[in-house]
Amino acid sequence: MKFRHRFTIKKGIDLTPMMDIVFNLLIFFMIGATIMQTPQIEISLPKSTSAVGKEKNENIIITISKEGSIYVNEEAVNDIDEHLNNLAKIEGELAKPVEIRSDEDVRTQVLISVIDSVKNAGFTRLGIATDTQNNN
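Predicted model only: the values in this text are computed from it and were never measured.

**Student:** So what's going on with the overall build of the protein? Which residues, and what values?
**Tutor:** Helices and strands together make up the secondary structure of the protein, namely three helices and seven strands. The helix and strand sequence of the protein, counted from the amino end, reads α-β-β-β-β-α-β-α-β-β. For the protein, the proportion of its 136 residues judged to be buried stands at 24%. For the protein, contacts bridging at least 24 residues in sequence account for 73% of all contacts bridging at least 6. In the structure as shown, the protein presents an accessible area of about 11100 Å², 54% of it carried by carbon and sulfur atoms.

Below, the structure is given as structure tokens:
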């Protein structure tokens, strides 16, 4: 007695496990990217119509909070002059650009004193970070 095969054998590769892995990797990298971009110091940058794209390379980032606290590469600093002079002594540091990220409500005198400290330490590449201004 011969039985008929009720099920046919599928030919080809089952893509379901591969798609599960691809979606898990996608979710992993999306969550990882948002965690890496979360700033530690809360500031609101001043607005500018000529703001340039944000580069995250080997910059030395100086952040000035609304209260006037100064951070260098997200590390709180009491004496900015001493800290920048110590950085300038390290080989190759003077060639790095310095980016100042100041809250829009910071007194101008605090910002000017930080710029003076950067220049007095010997750094020549200086930029001030801003957000783009919407013309709505």
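**Student:** So what about a nonpolar patch on the surface? Which residues, and what values?
**Tutor:** Together, Ile13, Leu15, Met18, Met19, Val22, Phe23, Leu26 and Met30 make up an exposed nonpolar region whose accessible area comes to about 820 Å². With respect to the secondary-structure elements, leucine 26 resides in helix α1 (residues 16-36). Relative accessible area serves as the criterion here: at 45%, leucine 26 is assigned to the partly exposed category.

**Student:** Which residues make up the pairing of strand β2 (residues 60-64), and what values go with them?
**Tutor:** Buried residues dominate β2, accounting for four of its five residues. Pairing of β2 with strand β5 (residues 98-102), which is carried by five bridges, proceeds in the parallel orientation. Bridge pairing links isoleucine 64 to serine 102 in β5. In the sheet, β2 pairs with strand β3 (residues 70-72) via three bridges, with the strands oriented antiparallel. Counted as the bridge partner of isoleucine 64 is isoleucine 70 from β3. Counting the residues between successive antiparallel strands, the hairpin from β2 to β3 contains five residues, one of them, glycine 68, with a positive phi of roughly 100°.

**Student:** Report on the side chain of glutamate 99, specifying residues and quantitative values.
**Tutor:** Inspection of the secondary structure puts glutamate 99 in strand β5. Relative accessible area serves as the criterion here: at 16%, glutamate 99 is assigned to the buried category. Side-chain polar atoms of glutamate 99 contact the side chain of asparagine 59, separated by 3.2 Å.

**Student:** How would you sum up helix α3 (residues 108-121)? Please name residues and give values.
**Tutor:** Spanning 14 residues, α3 covers 20 Å between terminal C-alpha atoms, matching the ideal 20 Å at 1.5 Å per step. Taken residue by residue, α3 has Val110, Leu111, Val114, Ile115, Ser117, Val118 and Ala121 as its buried positions. The buried side chains of α3 occupy one side of the element, clustering within an arc of 155° when seen end-on. Those residues of α3 that are exposed and aimed more than 90 degrees away from the buried face are Thr108, Gln109 and Asn120. The secondary structure elements touched by the buried residues of α3 are β2, β3, α2 (80-89), β5 and β6 (126-128).

The rules behind the values
Residues numbered from 1 in each chain as written. Predicted model: local features only at pLDDT ≥ 70, side-chain atom pairs only at ≥ 80, totals over all residues. Heavy atoms only, no water. Helix = DSSP H or I, 4+ residues; strand = E, 2+ residues; numbered from the N terminus. Buried < 20%, exposed > 50% of the residue type's maximum accessible area, 1.4 Å probe, protein only. Contact = heavy atoms within 4.5 Å. Areas by Shrake-Rupley, 256 points an atom, 1.4 Å probe, with all protein chains shown as cover. Patch = residues over 30% accessible without salt bridge, like charges linked within 9 Å, V, L, I, M, F, W, Y side chains within 5 Å. Salt bridge = Lys/Arg side-chain N within 4 Å of Asp/Glu carboxyl O. Pairing = 2+ DSSP bridges. Polar contact = N/O pair within 3.5 Å; in protein donor to acceptor, adjacent residues only side chain to side chain. Expected span 1.5 Å × (residues − 1). Arc of directions from axis to C-beta.

Treat this as a map of the structure, not an account of what it does.
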